[in-house]
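Chains, contacts and geometry: an overview
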Amino acid sequence: MKKILTLLVSVLCTLNVFGQSSMDYSKVNTVTQVGDTLIVKYQYFKGTDVNGNDMPDATLYQFDIQHNNKLLDVIENAWQPTSNSSQKAVNTWNGYKFTIDSEKDQTDFDGQYLSWLSGDATYGTNADWSVQRVTYQDVTSLSSGDEIMKVSYKIKDKANSNYTDYTNLINVNWANYKEADGTQIDVTGQSNIGLTGIQGGDAGNVSISVSSNVITNNIGDGSDFSYTIYAKGDTQTPLASGGFDAAGDATVQGLENDVEYDLYVSIDSSKEYLDNVVTVSDLALVFAEAIGAGNSPNGISTTFDYYLQSILANVVGTSIPAGGDINFDDSYEILAYLQGVESTNTTFISKTNDAFNISGIKSTFGDEVNGIATVSPTFKPTDNDKSFQFAHTLGGDVNFSHGFEPTSTNADIPTSAQSTTTQRSMMVRGAKLNPETANLELTSELQNGQVVLTIGSQVTDMIGAQFNITYDKTRLVLDNVVFDTGNEMTNFSNHLEESGKVNIGSFDQNFETNIKTGTPYKLIFIPIVELQNTSGLITFKVNEGVKADGTQIKFIMD
Amino acid sequence: MKKVLIILSVFLLIGCVKDDDILSPIDNNIVDVPESLVISDLQGIKVESTIVTSEVKMNVKLPYTGTYRVKIRDIGKELISQEKLQANEGDNILKVYVSSLENNGYTLELTDNNHDVLGITSIVVNN
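Basis of the calculations
- Residues numbered from 1 in each chain as written.
- Chains lettered and ligands numbered in written order.
- Predicted model: local features only at pLDDT ≥ 70, side-chain atom pairs only at ≥ 80, totals over all residues.
- Helix = DSSP H or I, 4+ residues; strand = E, 2+ residues; numbered from the N terminus.
- Rg over C-alpha atoms; globule rule 2.2 N^0.38 Å.
- Buried ≥ 20, exposed ≤ 12 C-beta atoms within 10 Å, placed from the backbone.
- Contact = placed C-beta atoms within 7 Å.
- Pairing = 2+ DSSP bridges.
- Axes fitted to C-alpha atoms, helices over the stretch in contact; angles between N-to-C directions.
- pLDDT = per-residue confidence, 0-100.
- Core = buried A, V, L, I, M, F, W, Y, C linked by C-beta atoms within 7 Å.
- Domains from an automatic or database assignment.
- Arc of directions from axis to C-beta.

Our focus in this paragraph is the overall build of chain A. For chain A, the helix and strand inventory stands at 6 helices and 30 strands. For 558 residues, the compact-globule estimate of 2.2 N^0.38 gives 24 Å, and chain A exceeds it by more than 25% at 39 Å. Overall, chain A is about 125 × 55 × 50 Å in size when its C-alpha atoms are taken along their principal axes. Out of the 558 residues in chain A, the part that is buried amounts to 42%.

Encoded structure:
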């Protein structure tokens, strides 16, 4: 008996499966972006029995659709049948979501309808969902496959919602198909419509940061930098701009996901430390390149460690990407700058009120492409990537004293392309230009009514040195600079009287002779007020030397 | 007689003076030290005001006459200015000039000529 019952149930179930009509709903078009219009068609399919015969026709077609109103906005309900005898209605309730009768399948649409009538399935309040009830009635039955309605939905930005994806957007809750005599028709269908791969939309908070030795070495801080964002390829119409915080971080809003942008970092050009960007160390690197590798970076050898240095050192003349070269024009231009000689050339030497910014994505900063260093300003926020690191450096800053030294392996010039006298590739990446240190003594004192600054050095292997001195111009007048550096040295003294600064130094362009030890430099000032002592009257900022191989010497003063 | 009386009076006046006043050695470095710059220790450095605009008085109190250094260091302890001076034992009222310093905090360091620290204090420049 038990077997008979089991068999009967199985047959009934089979009959049920084969006999159901369906409420089919499916996407008409392909959508990929926030703001696109998604069209969904709601379609009637007549069921068949086990023998393949059509089930009875329906004259009432009623179903409830719910959609996530945080992710979709209904913009049109378009009836598809053209019968003049039909009656049609669409009712809408916002803020409700259907709770199915869990004893039945979700796609048992007629069963869920009956459960809703009996209270076993209910509508509860839910601000994220809206319900539309579609009712179509006609004396003439629809044919199987006829579309009842097409609904157009606009895809909204999920950034404004609590949802992280678009995988559950539309459900049919129940369906009530009836024959002309009121007989309920079994209806089934699919559980939901969702979307994947939707791009665009508000990217929300996008984090950016800037790296520079200005920040790392406490020359200034991150708030000295600002950013400007453009649509990719544009440099005319900024979409967003702002400043970084002291740590070099910023949060940008108003960007869209999956859209490419170009970001450029600038430094506050009014900062006085920019006068210390290009120094004798940079000069030595450029001279060495001009002497030893005239046809670099595309040529046989170079003295540089990074392709980017060819861009930074090319302070005058044709740009490197345009086929330029590092030559004596560049080195003498820097020497003239250090000497305070006004140049008639257009130069790319960064200094106060004249900064030449170079920035790009940190991880690829200075990467070589076809023998030339490149920097990429382009970034693209996505759902999974909203944090971007940028690097910044300055024109003329060949030793990266105020810029970011590349860390990408693709930014390195291969050892095989380097001059054997300057290879530093065994050093730690990103620290090839780390300076050495040496002790030096700078003291001021009153001598016979004059204020004398003496620079004492016992460093024996310097082919260049530079000291940027600031003095109290309200109390002192510079009277004389005395050099005792040796006969082969080219000495320079750049007196910026208005700002109370004097930059002095020496450099052997042949890289052969070292600066004399002892007291190579002496500055003599005349007091214009009565002085008992000199504390604070003279301060020193840049104090550095350079060796024949271009290694910077940072002076430690006692 | 009049002359004898005058001489006697002089001797009487001398007799009224305390012995200490007569026996004290002559101090060659008599400095009028403002109360704000008094240093109770035998050596050290003290400024009249921590917040400084343009200049400030400082007292450099030394154990003996000789060559000393006053060093100014920035927040990272890097030396940015150094004066070498000849000064006397005891109090020496000098000045620190800050017009060429950026607004910031600094330390003032008093050392002997061999860089041994004798005293240290701090200033804040607010030009």
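Next comes the rest of the write-up.
Regarding its fold elements, chain B presents 2 helices and 8 strands. When its helices and strands are written in sequence order, chain B yields α-α-β-β-β-β-β-β-β-β. Per-residue burial over chain B gives 28% buried out of 127 residues. Counting contacts in chain B only where the partners sit at least 6 residues apart, residues at least 24 apart contribute 60% of the total.

Quick look at the sheet that holds strand 10 (residues 187–189) of chain A now. What links the strands of a sheet is backbone hydrogen bonding, and the strands pair in either a parallel or an antiparallel sense. All names here are of chain A. Spatially, 5 strands are ordered 4-7-2-1-10 in an open sheet, and the strand pairing comes out mixed. Edge positions in the sheet fall to strand 4 (72–79) and strand 10, since each of these pairs with one other strand and no more. On average, adjacent strands in this sheet sit at an angle of 20 degrees to one another, irrespective of strand direction. Where strand 4 and strand 7 (residues 147–155) come together, 7 bridges link them in antiparallel fashion. Residue pairing for strand 7: A78 is matched across the bridge by K150.

Contact residues are listed per partner, giving 19 residues for chain B and 22 residues for chain A. Every element with two or more residues in the side of chain B that touches chain A is listed here: strand 4 (66–73), strand 5 (79–87) and strand 6 (93–97) of chain B. Take the side of chain B that touches chain A: its biggest share by element is 7 residues, from strand 5 of chain B.

This next bit is on the confidence of the model for chain A. Residue and element names in this part refer to chain A. With 92% of its residues at a pLDDT of 70 or more, chain A shows a mean pLDDT of 88. For the stretch residues 5–18, pLDDT sits under 50, and the model shows 7 contacts to residues farther than four places along the chain or on other chains. Low pLDDT, under 50, characterises residues 294–300; the stretch is placed with 15 contacts to residues that sit more than four places away or in other chains.

Here the focus is the nonpolar core. All names here are of chain A. The biggest cluster of nonpolar side chains holds 107 residues, and the ones touching the most others in it are A284, V286 and I469. By residue number, the principal contributor to this core is helix 4 (residues 280–292), which donates 8 residues. Here this core spans two domains, since at least three of its residues come from each of domain 2 (206–417) and domain 3 (436–557). Among residues more than four places away in sequence, those in contact with A284 are I463, G464, F507, V546 and G550. Judged by nonpolar contacts, the second largest core, of 39 residues, contains Y44, Y113, A121 and V172.

Along its sequence, chain A is organised into domain 1 (18–195), domain 2 (206–417) and domain 3 (436–557). The straight-line distance from the C-alpha centre of domain 1 of chain A to that of domain 2 of chain A is 59 Å.

Side chains on a regular strand alternate between the two faces of the sheet. All names here are of chain B. Counting buried positions over the 7 residues of strand 3 (residues 55–61) gives 5, a clear majority of the element. Note: strand 1 (residues 44–47) against strand 3, 4 bridges, orientation antiparallel. By the bridge assignment for strand 3, V47 is matched with M58. Here strand 3 pairs with strand 6 via 5 bridges, running antiparallel. By the bridge assignment for strand 6, K57 is matched with K95.

All names here are of chain A. Of note, K70 is situated in the loop between strand 3 (60–68) and strand 4. The class of K70 is partly exposed, set by 18 C-beta atoms lying within 10 Å. Beyond its immediate sequence surroundings of up to four residues, K70 is in contact with D128, K156, S161 and Y163.

Residue and element names in this part refer to chain A. Most of helix 2 (residues 109–118) sits inside the fold, with 7 of its 10 residues counted as buried. Taken as a whole, helix 2 has its buried residues at F109, D110, G111, Q112, Y113, S115 and W116. Tucked into the core, helix 2 has its buried residues touching strand 1 (21–27), strand 8 (166–178), strand 9 (184–185) and strand 10. Trailing helix 2 by a residue or two, G119 shows a phi angle of about 90 degrees, which is positive.

Okay, helix 6 (residues 328–338) of chain A next. An α-helix turns once every 3.6 residues. As a result, residues three or four positions apart point the same way. Of all the positions in helix 6 of chain A, only D330(A), S331(A), E333(A), I334(A), Y337(A) and L338(A) are classed as buried. Buried residues in helix 6 of chain A, looked at end-on, bunch into an arc of 160 degrees, giving them a common side.

Attention now goes to the pairing of strand 28 (residues 518–527) of chain A. All names here are of chain A. Pairing of strand 23 (residues 450–457) with strand 28 involves 6 bridges; the strand directions are antiparallel. If you follow V452 over to strand 28, its bridge partner there is I524. Pairing between strand 25 (residues 476–483) and strand 28: 7 bridges, direction antiparallel. By the bridge assignment for strand 28, V482 is matched with K522.

Right, let's talk about the sheet that holds strand 12 (residues 206–211) of chain A for a bit. Residue and element names in this part refer to chain A. The sheet built from 4 strands is open, its strands ordered 15-12-21-17 with mixed pairing. Edge positions in the open sheet fall to strand 15 (249–252) and strand 17 (357–361), since each of these has one partner strand only. Each adjacent strand pair in this sheet contributes to an overall mean axis angle of 25 degrees, direction not counted. Note: strand 17 against strand 21 (residues 387–394), 5 bridges, orientation antiparallel. The residue of strand 21 that forms the bridge with I358 is T393.

Another aspect to go through is unusual backbone geometry. If a residue is not glycine, its phi is most likely negative; likewise, a peptide bond is most likely trans. You will see that N448(A), though not glycine, has its phi angle at about 55 degrees, which is positive. Within the chain, S54(B) stands out as a residue other than glycine whose phi angle is a positive 70 degrees. Its location among the elements puts S54(B) in the loop between strand 2 (51–52) and strand 3.

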